[in-house]
Amino acid sequence: MTRPIAILNAGHGYKGRDALYDSGAVHEGYREAPLVRVVGDLLEPMLTAQGVEVLRVDRGPYSLRDAVAIRAARDTDAQALHVHLHINSSDPPGDYSAVFYDHRSTMGRLAADAIVPELGLLAGVSSCIVRKAEPTGWTSRAYRVLERTYDGPRNICGVLIESHFINHPRHQALNEAQGLKRIARRLSAGIARFLVPE
């Protein structure tokens, strides 16, 4: 039986041969891009141990990362989930986690619903919200990240994860090694719930 696939896309970072490194959100020495890459590094063996095939697409333009994810989905009949890993930032900072899905995607909503309860268990996070990403309004940036995945084959869907706020005082422990490990564990449980249902 073909194993389901999780395509892990650590946000920002190196976006192309001629592009500068994009750190993403920055706060007091913490940079989003290397933090979410660590989450991906921790998450990969956790998912593999649960029977999920993992593909990493951490470098290059987002359009190229999406194309690799879509090609991987076309090469299998198993369910594929494109997971965009991010950390939020705002002034003032929020105190929640968030999972976004393309508003057109029924499977994306199901994936988000599987992940949200797990992220809501992170210490310091008040709750985890699920939001449909739409072309206009405050979710439009998430929509632009997710929209190409929706145009792929029927067996792929995408979610955008914002595990915490890099600049929230109560979330600072989540920027540290043990906090990143806790994030990976919670994501592993939620992703496996969607891809490997009991």
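Notes on the structure in this doc start here. (Residues numbered from 1 in each chain as written. Predicted model: local features only at pLDDT ≥ 70, side-chain atom pairs only at ≥ 80, totals over all residues. Heavy atoms only, no water.)

## Concerning the overall build of the chain
Phase 1 of the analysis: A count of helical and extended segments in the chain gives five helices and eight strands.
Phase 2 of the analysis: Sequence-ordered secondary structure for the chain, helices as α and strands as β, is β-β-β-α-β-α-β-β-α-β-α-β-α.
Phase 3 of the analysis: Against the globule reference of 16 Å for 198 residues, the chain gives a C-alpha radius of gyration of 15 Å, in line with a compact fold.
Phase 4 of the analysis: Once the C-alpha set of the chain is aligned to its principal axes, its extents read approximately 45 × 40 × 30 Å.
Phase 5 of the analysis: Residue burial in the chain is summarised as follows: out of 198 residues, 53% are buried.
Phase 6 of the analysis: For the chain, the proportion of contacts with a sequence separation of at least 24, taken over those separated by at least 6, is 77%.
Phase 7 of the analysis: Just so you have it, the chain exposes about 9,400 Å², and 51% of that area is on carbon and sulfur atoms.
Phase 8 of the analysis: One finds the centroid of the 24 positive side-chain charges in the chain at a distance of 1 Å from the centroid of its 22 negative side-chain charges. (Helix = DSSP H or I, 4+ residues; strand = E, 2+ residues; numbered from the N terminus. Rg over C-alpha atoms; globule rule 2.2 N^0.38 Å. Buried < 20%, exposed > 50% of the residue type's maximum accessible area, 1.4 Å probe, protein only. Contact = heavy atoms within 4.5 Å. Areas by Shrake-Rupley, 256 points an atom, 1.4 Å probe, with all protein chains shown as cover. Lys, Arg positive; Asp, Glu negative; His and termini not counted. Charge placed at Lys NZ, Arg CZ, Asp CG, Glu CD.)

## Brief notes about the environment of Gly40
Phase 1 of the analysis: Counting through the fold element by element, Gly40 comes out in helix α1 (residues 32–49).
Phase 2 of the analysis: Separated by 31 residues in the primary sequence, Gly40 and Asn9 have C-alpha atoms spaced 7.8 Å apart.
Phase 3 of the analysis: Residue contacts for Gly40: discarding those within four places in its chain leaves Leu8, Arg56 and Leu85.

## As for unusual backbone geometry
Phase 1 of the analysis: Here the residue pair Asp91 and Pro92 is connected by a cis peptide bond, since its omega of 0° sits within 30 degrees of zero.
Phase 2 of the analysis: Looking at where Pro92 falls in the secondary structure, it is placed in the loop between β5 (80–88) and β6 (97–102).
Phase 3 of the analysis: Within the chain, His12 stands out as a residue other than glycine whose phi angle is a positive 70°.
Phase 4 of the analysis: Summarising the element assignment, His12 is placed in the loop between β1 (5–10) and β2 (26–27).
Phase 5 of the analysis: If you check the backbone angles, Glu28 has positive phi at about 45° while not being a glycine.
Phase 6 of the analysis: Counting through the fold element by element, Glu28 comes out in the loop between β2 and β3 (30–31).
Phase 7 of the analysis: You can call Glu28 exposed: its relative accessible area is 67%.

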